[in-house]
Amino acid sequence: MSFEAWLPLLVVLSSFVTGVLILFVGEEQLRTRSILNLLGAIAKLLLVGVMVWGVFHRYLFETRLPMLPDQDFVLRADAMGMLFVSLSSVLWLLTTIYAIGYLEGSPYRSRFFGFFSLCVTSTMGIALAGDLITFIIFYELLTLSTYPLVVHRGTPEALRAGRVYLTYTITGGALLLVGVVWLYELAGSVEFTERGVLSGVPEIHYPALLAIFAILIAGLGVKTALVPLHGWLPVAMVAPAPVSALLHAVAVVKAGAFGIVRIAYDVYGVEFAARLGVLEPLAWLAGVTIVYGSIRALTQDDLKRRLAYSTVSQVSYIVLGIGILGPLATIGGVVHLVHQGLMKITLFFCAGDLAETLGIHKISEMNGVGRRMPWSMAAFTVAALGMIGIPPIAGFISKWYLGLGAVQAKAYWAVGVLAASTVLNAAYFLPILYRIWFLPAAGEWPKAERDQLETRPTLLVPTLATAFLAFAAGLFAGSRFSPLGWAKLIAAREYLT
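Calculation notes
For every chain, the first residue of the written sequence is number 1, and numbering continues from 1 along that sequence. In view of the model being predicted, local features appear only for residues whose pLDDT reaches at least 70, and side-chain atom pairs are presented and counted only at 80 or more, with totals across whole chains, interfaces and linings using the full set of residues. To obtain the side-chain values, all non-hydrogen atoms of the structure were used and water was disregarded. Think of each axis as a best-fit line through the C-alpha atoms, taken over the contacting stretch in the case of a helix, with angles from 0 to 180 degrees between the N-to-C directions. Starting at the N terminus, helices and strands are each numbered in turn, a helix being any DSSP run of H or I of at least four residues and a strand any DSSP run of E of at least two. Here the word oblique covers every angle except those under 35 degrees (roughly parallel), over 145 (roughly antiparallel) and from 65 to 115 (roughly perpendicular). It is the rotation of the near helix from the far one that decides the hand of a crossing: anticlockwise by less than a right angle makes it left-handed, clockwise makes it right-handed. Contact definition: two residues touch when any of their heavy atoms are within 4.5 Å. Salt bridges are defined as contacts in which a side-chain nitrogen from Lys or Arg sits within 4 Å of a carboxyl oxygen from Asp or Glu. With a 1.4 Å probe rolled over the protein chains alone, any residue whose accessible area is under 20% of its type maximum counts as buried; one over 50% counts as exposed, and the rest are partly exposed. Here, the term nonpolar core denotes a set of buried Ala, Val, Leu, Ile, Met, Phe, Trp, Tyr and Cys residues that are joined through side-chain atoms within 4.5 Å.

Asks: Please give an account of the packing of helix 3 (residues 79-102) against helix 9 (residues 241-249) that cites residues and values.
Replies: Closest axis-to-axis distance for the helix 3/helix 9 pair is 9 Å, and the angle between their directions is 165 degrees. Classified by the angle between their axes, helix 3 and helix 9 sit roughly antiparallel to one another. Judged by the twist between their axes, the crossing of helix 3 over helix 9 is right-handed. Along its contact with helix 3, which presents Leu87, Leu91, Thr95, Tyr98, Ala99 and Tyr102, the element helix 9 presents Ala241, Pro242 and Ala249.

Here is the structure:
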């Protein structure tokens, strides 16, 4: 095979080999484990950089291996997939650095980092899958590789969270499998293609296509945490902070949302999906989830649970962008895949900083913490304001394009949903910022112990880096190579080519 044919497979293998090797590393071999982690993450980042350049210039990177009669195992780099791959690669490196510091001195670190890398492998496979069969292989592998991370602490609460997580995600996976098999029976092997592949299916099969779409969305909706399939997400917050960050920003919920993007754009095609009448119900479901998640977030005192309900709401912005037909809404939804990841991982890093440094888990315990941990709380502030939609942070760009898209499509109710969501976002984030910066602390904070920094450098540096990226993604959104620039490229190829 040529280098172009090997490259997608090498991107997947870079974290798979790393994960397998780490599982065999002794618990006390800290240096070996850290070197493997960082080498794998950096190697993947370099390989992804080559593919991003190539996809922009329309080079074809495709790995195709025989798997079944009339069915290949296909990995392919296209513009949509590269957006997800790039996000995952950058955040994997930063989350790895963070996790090395967060888990310092804790047991079972080789098991944790081994499955952590396998989880990233699954995410890469989902992003690069060239057809539905390859997609579902990695989608199920993601469920299996994430479970050990959710139950990592081994407490009764963690084991219960793991059972809930498996129940939801395996049920969702089963539904997805039913939909894929039915579609395979109807249309044969379905490879992801810009503008979709089903518009040529005879009209007599349209009722079946409607039913299949509903089943596929129900299956993918579990990981996306669409209401009423979201129940596992707040429960899973018992996992360590790096896992929560991974679940919310890179892996599980994004895998579900990305799957819906693939089904709508590259299997059905948005214009054909609109003709079938499936996009409007999808948009309404997203609207309900956006408002519901925000209302539930208002009443949570546990910081990670509030962030979890915020994710339930915010990830549905991506689905809303799909449901509102038109290039502007597509740009707003697709770019939020990256923007939400940058902002939400920053918030979970900050939650981890507070828990590890000061033992803070609840919002009611955060009074005056901005004076003790100013850099971490500055990062939290940037991400929270971005979630509300304050310019020039990344979240503003997403909401701006979603709003323009809603007006362009005359879906004025969606503008109302965005406005209500913004008010609710402010209602559950601004009181936290007020506590952090304006209320006096309840007592003396423990003194900083190391290097006169407010927390460990391995925790603080990734937190500041992701906050900077969230700020820069908004401030430099007009750049050709910003997430917004890439989302415009995707919209152009989905609607115009």
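Asks: Residues and numbers for the pattern of salt bridges, please.
Replies: In the structure shown here, the tally under the stated rule is ten salt bridges. The partner of Arg262 in a salt bridge is Asp78, and the shortest N-O contact between them spans 2.8 Å. A residue pair is termed long-range when its members are at least 10 positions apart, and Arg262 in helix 10 (residues 252-268) and Asp78 in the loop between strand 2 (71-77) and helix 3 qualify at 184 residues. Take Asp78: its relative accessible area is 13%, and that puts it in the buried class. A salt bridge links Glu356 to Arg456; its shortest N-O distance comes to 3.7 Å. Linking Glu356 in helix 14 (residues 327-358) with Arg456 in the loop between helix 18 (412-438) and helix 19 (457-475), this pair joins segments that are 100 residues apart in sequence. On the basis of relative accessible area, Glu356 is assigned to the partly exposed category, the value being 33%. If you follow the salt bridges from partner to partner, you end up with Glu62, Arg64, Asp72, Arg76 and Glu191 in one network.

Asks: Go over the nonpolar core with me, naming the residues and quoting the values.
Replies: One finds Tyr268, Met366 and Phe380 to be the most contacted residues of the largest nonpolar core, which totals 173 residues. Of the residues forming this core, the biggest block, 16 residues, is contributed by helix 14. Leaving out residues up to four positions away in the same chain, Met366 has contacts with Leu303, Leu354, Ile360, Met377, Ile432, Arg435 and Ile436.

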